Amino acid sequence: MTSPRYQPAELEPRWQKVWREAHLYKTSTNSEQPKYYALSMFPYPSGNLHMGHVRNYTITDVIARVRRMQGYRVLHPMGWDAFGLPAENAAIDRGIHPARWTERNIANMRRQLQSLGLSYDWEREFASCHPEYYRWTQWLFLQMWQMGLAYQKFAQVNWDPVDQTVLANEQVDSEGRSWRSGAKVEQKLLKQWFLRITHYAEELLQDLDTLTGWPERVKTMQANWIGRSTGAYLEFPVVGRGEKIGVFTTRPDTVFGVSYLVLAPEHPLVGTLTALSQQAQVQEFCQRLAHLSVEERTANDQPKRGVPLGTEAVNPFTQQPVPIWIADYVLYEYGTGAVMGVPAHDERDFAFAQQYHLPITQVILPPGVVEITPLPKAYTEPGILVNSGEFDGLDSLTAKEKITQAAQERGWGEQRVQYRLRDWLISRQRYWGVPIPMIHCDHCGVVPVPEADLPVLLPENVTLTGRGLSPLAQLTEWVQVPCPQCGRPARRETDTMDTFIDSSWYFLRFADAQNSQAIFASEKVNDWLPVDQYVGGIEHAILHLLYSRFITKVLRDRGLINFGEPFQRLLTQGMVQGLTYKTVQTGKYLTSEQVIYENGECRDKETNEPVAIFYEKMSKSKYNGVDPEQVLAKYGADTARMFILFKAPPEKDLEWDDADVEGQFRFLQRVWRLVQNYHEHPPPRVVESTSNERNLRRFIHQTIQAVTADTTGEYQFNTAIASLMKLTNELTDYQGDNSGIFDEGIRVLLTLLAPFAPHITEELWHQLGHEDSIHRQPWPQVDHQALVVDEITLVIQIMGKTRGTIIAPSQADQATLEQLAKNSDVGQRYLQGQTIKKVIYVPGKLLNFVLAS
RNA sequence: GCGGACGUGGCGGAAUUGGUAGACGCGCUGGAUUUAGGUUCCAGUCCUUACGGGUCAGAGUUCGAGUCUCUGCGUCCGCACCA
């Protein structure tokens, strides 16, 4: 009798079809069961799955499958983050309508996902570009408008010259480049829509402490991004005029050391406060700055440049007049857009004062220093106040309080908390996004589209060129509408929303995905949410994860949900890296076919240039990608899943290695053979239990314990699979004299392996004669009786060094064990003629003899 | 500059949280099967002939340190003129 060979290409699609037709992964709504919501970040439908997706979805799938077997009702959905620029660019480049391009991509990626054997409930699928979804995105925007959280203002905004749109601060990297196009971002003054995320700054920061299931570094990044600082708001009256200049400072204790004030060049007071004599110079300075990119302007190593306005303000504490300047190092967007210059105690002010020969007045002495000597650089640490009138002799900490208090009492200022976080700019001058549901009327102003008129449909017939105005603005017929309030002719808003809004609430919609009457039923969302386990890339540490937390709090305050944090546990999976070839000198990326190995060195076939080989994140431009479809075709989904989970722990980067993929394929074949041999040559049945049998049973239950811990506590799928390999080896080597335990071993192995390799386990399960799906089996329970041992290996240490082990009865007491140890070979060798000063006994583990030296 | 994470065989990575360092896999070495290559199976694989020595380096706490503390070195990541 020949056993069938393991052929994933045949059995995987076969089982996928069976599961689909049986609705095996439909979400259970049995409220008797505890709920579990396992979610991967939904993908942008670019057209093809990459390995990063495969890793992300495999991790979440295992978690979902384990919970399902453990008796939870599991929500494990999938959808599409389907608005965005690539669709529009495809339309411009290839003349395909974004909607059709997107639908086609979704169809292909859905097929790819299904071939991975992922246990999604496809009945809850949706795409953010469908009106059934985005009408609720618009509805959400209207709620925020009513709450005063959505507003329009003129602002210096980040303009991406390549994608022809504005960007949020979060979408510009530290080099001043667009997160998407990589183009250097320019500054433009435009009227734009914002969401008032700053209203939640304090809560977004505070609640980070409650997110115990989040990686520390994500929380740190968010905390830094929010950037809370405490200090004082102080006002300096302008000499001879009514205006006052308000500044924010974290160092009110240095206020007696102010030798000038600086406004940001964009500050509205610049115009009125510039003296006639300085007008030409100031104008020229501002114009020069306007031409600089953010990066050029804010580079740290640049000399600080500025111009005096020719007017003065009075320091209320000293009654001394100080000159007012404008300078490039003061940011209009932060604080009040104006600062007090204290050169002695601020590095930037020090550099500026030196350059323009402004006075440097020391008002803080380092602890222990009593005399003022000229400073070589700014002293920025706390210290003792001098030259500060009534506050002399106080330490910085106390002085901060007292001076702020004094300012408050005398009407010069107040205590203030300042955040680095800015409001979220959501206007996009692009087509493929959610139309902002607002109407501009010359008589009524900005008027929201009535809820009954939602959705504001994105018009289909549009010509996309990528140039000029926002595409919607060119559709005169679409733009012209009667005002909902007065009925007179009015214009639609032509900007669309940042696609990050779509993804800031999609996790809520999955709880009630088909609702056509409301954004969702609150009781369903309150039942399923928060997400128990969220899995995605670290690149969203700030963007998506901060926005989602914000929107969740907004909906809570609107009374729609009863929780304030959307994601209980967050797992940020590492990158998938591919083997990369790059020429050493020219830095050119090569394919594996373009290189040749000579004398152990790698060289460019064409130029003979030396080539560096290393691992780097997979990407098309680096020729280091591995196509999931090809891997699936060659080894099948189970092998791909096993490899990805085994090669590295989920948070760490993963180096793709074909040899290791082979290794996983071999392992699955060993499992296959084990089961074939098992039911072809059934071992004889014996009733009595032997020590051999007890050992096997203990091994089986140790494996259950280990795999359960690795898949439900800290996720360590690599060690879970290692345990399954050990069990497989143990069962393969087992010289069976009783079949009952061996049966149990095979059954446990297959059920524990099922979440990782769903197809092969289902096939083998049925080969063993079972009718029901293995994925409906309960998770194996640890029998603690089986873990009990009658003999233990006790470690013998002498002075803390391991010198050997002894086998001892597990019930033996310390005195017995000590005697056994002394009589053992190790004892004879090391303890002869020595004085034992002390014995350390760790029950079940070790005996340590401390000798008199 | 500020903040965070990390440093273990040839490689990816384990180590019940202070108790036999190197599980599991890859690679490699030898052997068996095979006409051969591949597959499969068996044995070995931290260094050292041994005594011993080993978790980036150095110090400390402890009966005992990969694990805790301090110093230094190195790598990676985030933020960066935020007043």
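On a predicted model such as this, the values are computed, not experimentally measured, just so you know. (Residues numbered from 1 in each chain as written. Chains lettered and ligands numbered in written order. Predicted model: local features only at pLDDT ≥ 70, side-chain atom pairs only at ≥ 80, totals over all residues. Heavy atoms only, no water.)

A. Representation of the sheet that holds strand 6 (residues 228–237) within the structure. The sheet built from three strands is open, its strands ordered 7-6-14 with antiparallel pairing. Each having just a single partner strand, strand 7 (244–249) and strand 14 (413–419) make up the two edges of the open sheet. Direction aside, neighbouring strands of the sheet carry axes that sit 30 degrees apart on average. Docked against the sheet, helix 12 (residues 396–409) engages strand 6 and strand 14, running at close to 120 degrees with respect to strand 14. (Pairing = 2+ DSSP bridges. Helix = DSSP H or I, 4+ residues; strand = E, 2+ residues; numbered from the N terminus. Axes fitted to C-alpha atoms, helices over the stretch in contact; angles between N-to-C directions. Contact = heavy atoms within 4.5 Å.)

B. Up close: the protein's contact with RNA strand B. Around RNA strand B sit 56 residues, and of these Thr250, Lys304, Tyr334, Arg348 and Asn848 come closest. Here a sugar or linking oxygen of RNA strand B sits 2.6 Å away from a polar atom, N or O, in the main chain of Lys647. Across the surface near RNA strand B, the residue classes break down as 20 nonpolar, 18 polar and 18 charged. (Near = heavy atom within 4 Å. Polar contact = N/O pair within 3.5 Å; in protein donor to acceptor, adjacent residues only side chain to side chain. Nonpolar A, V, L, I, M, F, W, Y, C, P; charged D, E, K, R; others polar.)

C. Focus on the pattern of salt bridges. A complete count under the given rule lists 36 salt bridges for this structure. In this structure, Glu629 engages Arg111 in a salt bridge whose closest nitrogen and oxygen atoms are separated by 2.9 Å. With a gap of 518 residues between them, Glu629 in helix 18 (residues 628–635) and Arg111 in helix 4 (residues 98–115) connect regions that are remote in the sequence. Relative accessible area serves as the criterion here: at 32%, Glu629 is assigned to the partly exposed category. Residue classification places Arg111 among the partly exposed positions, given a relative accessible area of 40%. We note a salt bridge from Asp442 to Arg491, for which the minimum N-O separation is 3.0 Å. Of this pair, Asp442 sits in the loop between strand 17 (438–441) and strand 18 (445–448) while Arg491 is found in strand 20 (residues 489–492), placing the two residues 49 residues apart along the sequence. Relative accessible area serves as the criterion here: at 65%, Asp442 is assigned to the exposed category. (Salt bridge = Lys/Arg side-chain N within 4 Å of Asp/Glu carboxyl O. Buried < 20%, exposed > 50% of the residue type's maximum accessible area, 1.4 Å probe, protein only.)

D. A look at the packing of helix 21 (residues 691–712) against helix 22 (residues 717–733). In the contact formed by helix 21 and helix 22, the axes pass within 8 Å of each other and the chain directions differ by 165 degrees. Taken as axis vectors, helix 21 and helix 22 run roughly antiparallel relative to one another. Handedness of the crossing formed by helix 21 with helix 22: left-handed. Contact residues: Leu696, Phe699, Ile700, Thr703, Ala706, Val707, Asp710 and Thr711 in helix 21; Phe717, Thr719, Ala720, Ser723, Leu724, Lys726, Leu727, Glu730 and Leu731 in helix 22. (Parallel < 35°, antiparallel > 145°, perpendicular 65-115°, else oblique. Left-handed = near helix turned anticlockwise from the far one by under 90°.)

E. The packing of helix 7 (residues 216–226) against helix 17 (residues 543–557), seen in detail. Look at helix 7 against helix 17: their axes get within 11 Å of each other, and the N-to-C directions meet at 75 degrees. The angle between helix 7 and helix 17 places the two elements in the roughly perpendicular class. Within the contact between the two elements, helix 7 uses Val218, Gln222, Trp225 and Ile226 and helix 17 uses Leu545, Leu546 and Arg549. Its residues assigned to classes, the contact of helix 7 with helix 17 comprises five nonpolar, one polar and one charged.

F. Quick peek at the pairing of strand 1 (residues 35–40). Within strand 1, six of the six residues are buried, leaving the element largely enclosed by the surrounding structure. Going residue by residue along strand 1, you find Lys35, Tyr37 and Leu39 tucked away on one face and Tyr36, Ala38 and Ser40 tucked away on the opposite face as well. In this structure, strand 1 lies alongside strand 2 (residues 73–75), joined through three bridges in parallel fashion. Counterpart to Tyr37 in the pairing with strand 2 is Leu75. Between the parallel pair strand 1 and strand 2, the chain is carried across by helix 2 (residues 51–69), and the sense of this crossover is right-handed. Note that strand 1 and strand 22 (residues 531–537) share three bridges and pair parallel. Bridge pairing in strand 22 links Ser40 to Val535. (Right-handed = clockwise from strand over helix to strand, strands pointing away.)

G. Representation of the nonpolar core within the structure. With 177 residues, the main nonpolar core has Phe141, Trp424, Tyr506, Leu529, Phe550, Trp656 and Phe756 as its most contacted residues. Phe756 has contacts with Val62, Arg641, Met642, Leu645, Val707, Thr711, Phe717, Ala720, Ile721 and Leu724, leaving out every residue within four places of it along the chain. (Core = buried A, V, L, I, M, F, W, Y, C linked by side-chain atoms within 4.5 Å.)

H. Local environment of the state of the cysteines. Per the stated rule, a full pass over the model turns up zero disulfides. Between Cys441, a free cysteine, and Cys486, which holds the nearest cysteine sulfur, the sulfur-to-sulfur gap is 3.6 Å. (Disulfide = S-S within 2.5 Å.)

I. Representation of helix 18 in the model. Of the positions making up helix 18, those classed as buried are Pro628, Val631, Leu632 and Tyr635. For helix 18, the arc enclosing every buried residue in end-on projection is 100 degrees, short of the 170-degree limit, so these residues lie on one face. Away from its buried face, by an angle of more than 90 degrees, helix 18 presents the exposed residues Gln630, Ala633 and Lys634. With a side-chain oxygen lying 3.1 Å from the backbone nitrogen of Glu629, the N-terminal cap of helix 18 falls on Asp627. Where helix 18 ends, the next residue or the one after it, Gly636, has phi of about 95 degrees, a positive value. (Arc of directions from axis to C-beta.)

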